[in-house]
Amino acid sequence: MNNSEKIKQDLFYLYEVFYNIRENEKTSCFLGTEILKKLKYKPDEVKKVLNIERNENKKANQGFSSEISLISTREQAVNYFNDNLEHIFQPDISEAEKNTILKKVTSEELKRLYYIIFGITWKGKCKKENILYKIKEFCEDEKRTVDLTKNLY
């Protein structure tokens, strides 16, 4: 890979990180409105213009279940979590049921979901439940924000 391809990938990565920050209401206040106005294109559109193929996505999809490798947006990741993984937090679930749900997904797959939802990578080692708990908190906060702001408009 030559330097121009590396520069393109780095620029795309920075744009994607800032775009994800802009999309999150909690963190968007850290950026000025002038910067936020410049982030009007979706990362997929920028990726097409730069004409790059991210090698890390190719590597990241290897070894993942077909369902998780197809997830590319925050909404898809949240829907996957709600449909398949959120059940482990139910108080009436048995330990055996919880373990069967957790065995269906690897920690690397959960880290990928975390990255898609939050826009940052999970650093360090952890238990699967820790990643799931953070994703659960995000989903609950998002639902609460929608509920609180529905009467503002």
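Relevant structure appears above.
Residues numbered from 1 in each chain as written. Predicted model: local features only at pLDDT ≥ 70, side-chain atom pairs only at ≥ 80, totals over all residues. Heavy atoms only, no water.

1. Some details on the overall build of the protein chain
Then step 1. Scanning the protein chain for helices and strands turns up 10 helices and zero strands.
Then step 2. Counting helices and strands in the order they occur from the N terminus, the protein chain gives α-α-α-α-α-α-α-α-α-α.
Then step 3. For the protein chain, the proportion of contacts with a sequence separation of at least 24, taken over those separated by at least 6, is 57%.
Then step 4. Split by element, the accessible area of the protein chain, about 10800 Å² in all, is 52% carbon and sulfur. (Helix = DSSP H or I, 4+ residues; strand = E, 2+ residues; numbered from the N terminus. Contact = heavy atoms within 4.5 Å. Areas by Shrake-Rupley, 256 points an atom, 1.4 Å probe, with all protein chains shown as cover.)

2. Some details on the packing of aromatic side chains
Then step 1. Summed over the entire model, instances satisfying the criterion amount to four aromatic pairs.
Then step 2. When the centroid spacing of 4.4 Å and the interplanar angle of 35 degrees are considered together, the rings of Tyr 114 and Phe 118 count as tilted. Taken together, the residues Tyr 114 and Phe 118, both in helix 9 (residues 107-118) and four residues apart, mark about one turn of the helix.
Then step 3. The exposure class of Phe 118 is partly exposed, given its relative accessible area of 26%.
Then step 4. Grouped by ring-pair contacts, the aromatic residues Tyr 114, Phe 118, Trp 122 and Phe 138 constitute a single cluster. (Phe/Tyr/Trp six-rings, centres within 6.5 Å; stacked < 30°, edge-to-face > 60°. Buried < 20%, exposed > 50% of the residue type's maximum accessible area, 1.4 Å probe, protein only.)

3. Focus: the pattern of salt bridges
Then step 1. One pass over the structure, following the stated rule, counts four salt bridges.
Then step 2. The partner of Lys 134 in a salt bridge is Glu 137, and the shortest N-O contact between them spans 3.8 Å. With Lys 134 and Glu 137 both in helix 10 (residues 128-149) and three residues apart, the pair spans about one turn of that helix.
Then step 3. On the basis of relative accessibility, which here comes to 38%, the residue Lys 134 falls in the partly exposed class.
Then step 4. Its relative accessible area of 27% is what places Glu 137 among the partly exposed residues.
Then step 5. Between Asp 141 and Arg 144 there is a salt bridge, with its nearest N and O atoms 2.4 Å apart. Taken together, the positions of Asp 141 and Arg 144, both in helix 10 and three residues apart, correspond to about one turn of that helix.
Then step 6. The exposure class assigned to Asp 141 is partly exposed, which follows from its relative accessible area of 22%. (Salt bridge = Lys/Arg side-chain N within 4 Å of Asp/Glu carboxyl O.)

4. Quick look at the environment of Phe 12
Then step 1. Within the element layout of this structure, Phe 12 appears in helix 1 (residues 3-23).
Then step 2. The class of Phe 12 is buried, set by a relative accessible area of 2%.
Then step 3. For Phe 12 and Lys 47, which are 35 residues apart along the polypeptide, the C-alpha to C-alpha distance reads 6.8 Å.

5. As for the packing of helix 1 against helix 4 (residues 43-50)
Then step 1. At their nearest, the axes of helix 1 and helix 4 sit 10 Å apart, and the two run at 170 degrees to each other. Classified by the angle between their axes, helix 1 and helix 4 sit roughly antiparallel to one another. The handedness of the crossing between helix 1 and helix 4 is right-handed. Between helix 1, through Lys 8, Phe 12, Tyr 15, Glu 16 and Tyr 19, and helix 4, the contact on the second element is made entirely by Pro 43, Val 46, Lys 47 and Leu 50. (Axes fitted to C-alpha atoms, helices over the stretch in contact; angles between N-to-C directions. Parallel < 35°, antiparallel > 145°, perpendicular 65-115°, else oblique. Left-handed = near helix turned anticlockwise from the far one by under 90°.)

6. Quick look at the nonpolar core
Soluble globular proteins tend to pack their nonpolar side chains together in the buried interior.
Then step 1. One finds Leu 85, Leu 110, Leu 113, Leu 132 and Ile 135 to be the most contacted residues of the largest nonpolar core, which totals 23 residues.
Then step 2. Listed by contribution, the elements that provide at least two residues to this core are helix 7 (74-85), helix 8 (95-103), helix 9 and helix 10.
Then step 3. Leu 113 has contacts with Ile 71, Ala 77, Tyr 80, Leu 85 and Ile 135, leaving out every residue within four places of it along the chain. (Core = buried A, V, L, I, M, F, W, Y, C linked by side-chain atoms within 4.5 Å.)

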